[in-house]
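# Survey of secondary and tertiary structure
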Amino acid sequence: IRATHPKVFVKMSSALDQTEAAFQKQGKVIVNGAQGKKISGYGKKGARYVKNIGLSFKVPKNAIDGKYVDKKCPFTGNVSIRGRIIKGLVISTKMKRTIIIRRDYLQYVKKYRRYEKRHKNIPAHVSPAFTVKEGDVVTIGQCRPLSKTVRFNVLDVEEATNTTTSVKKQFRMF
């Protein structure tokens, strides 16, 4: 298709960011044909499907104006947020569209009548609408299983204030 119809491919790739081998498109948007048809109240000329997830979280500006395609994004994809809403510290951004969040908590030990420090690492899907780096504090929401280990989606990002110290093992409550 690419070699025989180069004009068609260029037209579609300019409308949406294509980074995968297979053509990526939003499920509720007709790519060719009804180009003037309004699908959503958001986006430029209605050519982009964007939804408000509720729970007093604002839709990121990049989700409305961006050209990325992510079916696991809560704002532009087919994922609904339900269940827990959690805050945590980003400790790893090495995976593609997935981050690791550290949650610190105190566990009471009855025998010694004291608390011990514990933590859990939670993998979460991050939409291309957000730019996340290590040390940021993110709010994540529970959703359906997106992969073997990922059950959460990033909803909001708070920029890191102090970047001089290492964030990997630092105990921090939210």
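Residues numbered from 1 in each chain as written. Predicted model: local features only at pLDDT ≥ 70, side-chain atom pairs only at ≥ 80, totals over all residues. Heavy atoms only, no water.

### Brief notes about the pattern of salt bridges
Throughout the structure, instances matching the rule amount to seven salt bridges. With a closest N to O distance of 3.2 Å, Asp65 and Lys61 form a salt bridge. Here Asp65 and its partner Lys61 are both found in helix H2 (residues 61-65), four residues apart, which amounts to about one turn of the helix. Accessibility expressed as a relative area gives 64% for Lys61, which makes it exposed. Here Lys133 ties to Asp136 by a salt bridge, and the two come within 3.6 Å at their closest N and O atoms. Here the salt bridges share partners, and the residues they tie into one network are Lys133, Asp136 and Glu159. (Salt bridge = Lys/Arg side-chain N within 4 Å of Asp/Glu carboxyl O. Helix = DSSP H or I, 4+ residues; strand = E, 2+ residues; numbered from the N terminus. Buried < 20%, exposed > 50% of the residue type's maximum accessible area, 1.4 Å probe, protein only.)

### What about the environment of Arg97?
Mapped onto the elements, Arg97 comes out in the loop between strand E1 (85-95) and strand E2 (98-109). With relative accessibility at 26%, the residue Arg97 sits in the partly exposed group. Distance in space between the C-alpha atoms of Arg97 and Val126 is 5.1 Å, their sequence separation being 29 residues. Not counting chain neighbours up to four residues away, the residues in contact with Arg97 comprise Val69, Asp70, Ala124, His125, Val126 and Pro128. At a separation of 3.3 Å, a polar atom in the side chain of Arg97 contacts the side chain of Asp70. (Contact = heavy atoms within 4.5 Å. Polar contact = N/O pair within 3.5 Å; in protein donor to acceptor, adjacent residues only side chain to side chain.)

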